[in-house]
Protein chains: 2
Amino acid sequence: MKIQSVNKLTDYPYLNMFETRYEDAEGRDRVWRFVSRKNPPRCVSGVWDIPDAVVIVAFHAGKNRLVIIREFRVPLGDYQYGLPAGLVDKGETVADSASRELFEETGLTVTRWIKTSPLIYSSSGMTDESIALVYVECAGEPSSRGNTASEDIETLLVTQEEAAALCRDECIKVDVKTWLVLSMYGATGTIC
Amino acid sequence: MKIQSVNKLTDYPYLNMFETRYEDAEGRDRVWRFVSRKNPPRCVSGVWDIPDAVVIVAFHAGKNRLVIIREFRVPLGDYQYGLPAGLVDKGETVADSASRELFEETGLTVTRWIKTSPLIYSSSGMTDESIALVYVECAGEPSSRGNTASEDIETLLVTQEEAAALCRDECIKVDVKTWLVLSMYGATGTIC
């Protein structure tokens with residue numbers, strides 16, 4: 001497999017579509033279209049150091065519960081259960097971004113850093129979007145005071161039993177990462 | 001939050017960009033752009049019954065190992081460690097799709113169905129893409145004979161220790177779902 005060219009197809013501020021021409025496993029010329037938050041996309045720039053976004057797996061040690069948010073997601077036209085998350089600002093570290101996003105979205109404060117994943121990829125058939133999963137303990141009372149105008153977020157602190165029930169509920173929308181974290185917490189009582 | 005309109009911005013066969021106008025939490029008009037594999041996208045059609053793709057968490061009971069693939073992903077311009085997966089064909093059930101994709105990508109055969117997730121969402125800030133995670137046991141010897149020309153896939157059967165090591169490796173690219181499944185298997189020795 002060999003990338004031959006990458007062309008930008010749209011011109012929007014946050015997300016753009018690109019077209020790659022490449023040689024497939026049998027040597028034939030093919031086209032693949034994908035979206036990227038970066039311009040040029042990472043397969044052109046070769047910059048894979050900082051993720052596009054941080055996703056926070058936060059355990060509230062004082063209340064012995066996992067932190068989940070319920071948030072309106074425009075592409076779904078509906079509310080979704082997710083983990084606190086957000087785009088990494090220019091010049092920001094992964095830890096600073098995680099700490100800021102957790103506070104803005106839930107009002108909670110990081111009290112212990114557990115572990116951070118390497119850069120991992122959201123859905124590499126359609127995008128080069130990458131995230132880091134940041135595992136922390138946190139403290140405080142949930143609050144939506146830090147929400148921006150484009151956000152509409154409710155914080156939920158869930159028990160092991162509630163986590164298992166959310167995973168089985170077919171009437172709600174749940175993010176992929178969140179479903180897997182809820183699944184692990186529901187089965188084992190731990191987040192990692 | 002209220003969706004006011006959704007307009008199609010591009011005209012490609014598999015993936016398109018859409019623009020939503022919506023009212024934010026403070027009543028202001030805003031714009032959000034996202035991509036969808038569906039036309040119209042799900043927030044317009046209201047059709048949420050079948051996922052865009054299936055992702056297979058397969059445990060090889062005979063060899064006592066988890067099934068992972070290493071595959072060239074055009075949007076990353078590189079090889080990625082992932083789970084066997086693929087788009088659901090028109091008219092296909094989730095189970096048929098999972099069984100077909102597992103065989104095509106790895107040569108392995110489903111021997112037991114463990115559980116299937118509800119529809120869950122890949123990255124709802126940028127897309128309405130949904131998947132179902134299908135947990136199975138499988139048997140057979142890995143083979144790439146079923147790969148299509150656009151595929152370049154190697155099957156790996158990993159132990160609990162190898163799973164934990166893959167999660168820590170910063171020199172490889174790993175899909176988000178796969179990292180979380182490897183993380184659970186590495187920590188507990190089970191897939192769910």
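Not measured: the values here are computed from a predicted model.

Next up on the list: the side chain of Arg100(A). Residue and element names in this part refer to chain A. Along the chain, Arg100 turns up in helix 2 (residues 94–106). A polar side-chain atom of Arg100 sits 3.2 Å from a polar atom in the side chain of Glu101. When residues no more than four places from it in sequence are discounted, the contact partners of Arg100 are Leu87, Asp89 and Glu92.

Below, the discussion takes up the relation of the copies chain A and chain B. Overlay of chain A on chain B (RMSD 0.0 Å): rotation 180°, translation along the axis 0.0 Å. A rotation of that kind, with that shift, is consistent with a two-fold axis. The share of interface residues of chain A whose copies in chain B are also at the interface is 100%, consistent with both copies meeting through the same surface.

Let us look at the sheet that holds strand 2 (residues 16–23) of chain B. Residue and element names in this part refer to chain B. Strand order in the open sheet formed by three strands is 1-2-3, and the pairing between neighbours is antiparallel. Edge positions in the open sheet fall to strand 1 (2–8) and strand 3 (29–36), since each of these has one partner strand only. Each strand of the sheet is rotated relative to its neighbour by a mean of 25°, with strand direction disregarded. Bridge count for strand 2 against strand 3 is eight bridges, and the pairing is antiparallel. Note that in strand 3 the partner of Glu19 across the bridge is Arg33.

Quick look at unusual backbone geometry now. Peptide bonds are, in most cases, trans, and in most cases residues other than glycine have a negative phi. All names here are of chain A. Cis rather than trans, the peptide bond between Asn39 and Pro40 has omega equal to 0°. Here Pro40 lies in the loop between strand 3 (29–36) and helix 1 (42–45). In this structure, Asn64 is a non-glycine residue whose phi angle is positive, near 55°.

Let us now look at the interface of chain A and chain B. Contacts between the two partners involve 65 residues from chain A, matched on the other side by 65 residues from chain B. When the area that chain A buries against chain B is broken down by residue, the three leading residues are Met1(A), Pro75(A) and Met126(A), summing to 12%. For the interface between chain A and chain B, the tally reads 12 residue pairs in polar contact (both at pLDDT 80 or more). Broken down by secondary-structure element, the contributors of at least two residues to the side of chain A that touches chain B are strand 2 (16–23), strand 3, strand 5 (65–73), strand 9 (120–121), strand 10 (130–139), strand 12 (174–175) and helix 4 (176–188) of chain A.

A word on the sheet that holds strand 3 of chain A. Residues and elements named next belong to chain A. The sheet built from three strands is open, its strands ordered 1-2-3 with antiparallel pairing. A single partner strand is all that each edge strand has here, and the edge strands are strand 1 (2–8) and strand 3. Geometrically, the sheet is characterised by an average inter-axis angle of 25° between neighbouring strands, direction not taken into account.

What follows concerns the state of the cysteines. Taken as a whole and judged by the stated rule, the model has zero disulfides over all chains. Unpaired in this structure, Cys167(A) has its nearest cysteine sulfur neighbour in Cys192(B), at a distance of 11 Å. Residue Cys138(B) stays outside any disulfide, its sulfur separated by 14 Å from that of Cys192(B), the closest cysteine. Taking relative accessible area as the criterion, Cys138(B) reaches 2% and is therefore assigned buried.

Residue and element names in this part refer to chain A. Scanning the model with the defined rule gives 38 salt bridges over all chains in all. The partner of Glu19 in a salt bridge is Arg33, with the nearest N and O atoms 3.0 Å apart. With Glu19 in strand 2 and Arg33 in strand 3, this pair connects stretches of sequence that are 14 residues apart. Judged by relative accessible area, Glu19 falls into the buried class, the value being 11%. A salt bridge links Lys177 to Asp175; the nearest nitrogen and oxygen atoms lie 2.9 Å apart. Taken together, the salt bridges that share partners define one network made up of Asp89, Glu92, Arg100, Glu101 and Glu104.

The next subject is the domain arrangement of chain A. You'll often see interface size given as the accessible area lost when the parts meet. Residue and element names in this part refer to chain A. In terms of domains, chain A is made up of domain 1 (2–43) and domain 2 (53–157). Computed over C-alpha atoms, the centres of domain 1 and domain 2 are 29 Å apart. Listed as interface residues are seven residues of domain 1 and, on the opposing side, eight residues of domain 2. Both faces considered, domain 1 and domain 2 share a buried interface measuring about 640 Å² in area, 43% of it formed by carbon and sulfur atoms. Summed over the three residues of domain 1 that lose the most area to domain 2, namely Val35, Arg37 and Arg42, the buried surface amounts to 67% of that side. Our enumeration of links across domain 1 and domain 2 arrives at one salt bridge. For the pair domain 1 and domain 2, the number of links is six residue pairs in polar contact (both at pLDDT 80 or more). Among the residues forming the side of domain 1 that touches domain 2, the class breakdown is four nonpolar, one polar and two charged.

What follows is about the environment of Gly146(A). Residues and elements named next belong to chain A. Residue position: Gly146 is located in the loop between strand 10 and strand 11 (153–158). For the pair Gly146 and Glu104, spaced 42 residues apart in the sequence, the C-alpha separation amounts to 4.2 Å. Gly146 has contacts with Glu104 and Glu151, leaving out every residue within four places of it along the chain.

Time to look at the nonpolar core. In this structure, Leu66(A), Leu133(A), Leu182(A), Leu66(B), Leu133(B) and Leu182(B) are the most contacted members of the largest nonpolar core, which totals 50 residues. Once residues lying within four places of it in the same chain are set aside, the contact partners of Leu66(A) are Val57(A), Ala58(A), Phe59(A), Leu156(A), Leu157(A), Val158(A), Val181(A), Leu182(A), Tyr185(A) and Ile191(A).

What counts, and at which threshold
- Residue numbers here run from 1 along each chain, matching the order of that chain's written sequence.
- Labels are handed out in written order, letters beginning with A for the chains and numbers beginning with 1 for the ligands.
- Residues qualify for local features only when their pLDDT is at least 70, as the model is predicted, and side-chain atom pairs are given and counted only at 80 or more; totals for whole chains, interfaces and linings, by contrast, use all residues.
- To obtain the side-chain values, all non-hydrogen atoms of the structure were used and water was disregarded.
- In DSSP terms, a helix is any run of H or I states spanning at least four residues, a strand is any run of E spanning at least two, and both are numbered starting from the N terminus.
- N or O atoms closer than or at 3.5 Å make up a polar contact, with two conditions inside protein: a donor-capable atom paired with an acceptor-capable one, and, for residues adjacent in sequence, both atoms drawn from side chains.
- Whether two residues touch is decided by their heavy atoms; if any such pair falls within 4.5 Å, the residues are in contact.
- Here the copies are matched by least squares. The fit uses the C-alpha atoms of residues with pLDDT of at least 70 in both.
- Any two strands between which DSSP finds at least two bridges are classified as paired.
- Working convention: axes come from line fits to C-alpha atoms, limited for helices to the stretch in contact. Angles between N-to-C directions cover 0 to 180 degrees.
- Once two parts are brought into contact, the accessible area they lose, counted with a 1.4 Å probe and summed over both, makes up the buried area.
- The term disulfide is used for any two cysteine sulfur atoms that are within 2.5 Å.
- The buried label goes to any residue with under 20% of its type's maximum accessible area, the exposed label to any with over 50%, and the partly exposed label to all in between, with areas taken from a 1.4 Å probe on protein chains only.
- Salt bridge, as used here: a side-chain nitrogen of Lys or Arg that lies within 4 Å of a carboxyl oxygen of Asp or Glu.
- Throughout, the edges of the domains are those of an automatic or database domain assignment.
- When residues are grouped by polarity, Ala, Val, Leu, Ile, Met, Phe, Trp, Tyr, Cys and Pro land in nonpolar, Asp, Glu, Lys and Arg in charged, and all others, Gly among them, in polar.
- Working definition of a nonpolar core: buried Ala, Val, Leu, Ile, Met, Phe, Trp, Tyr and Cys residues. They are joined through side-chain atoms within 4.5 Å.

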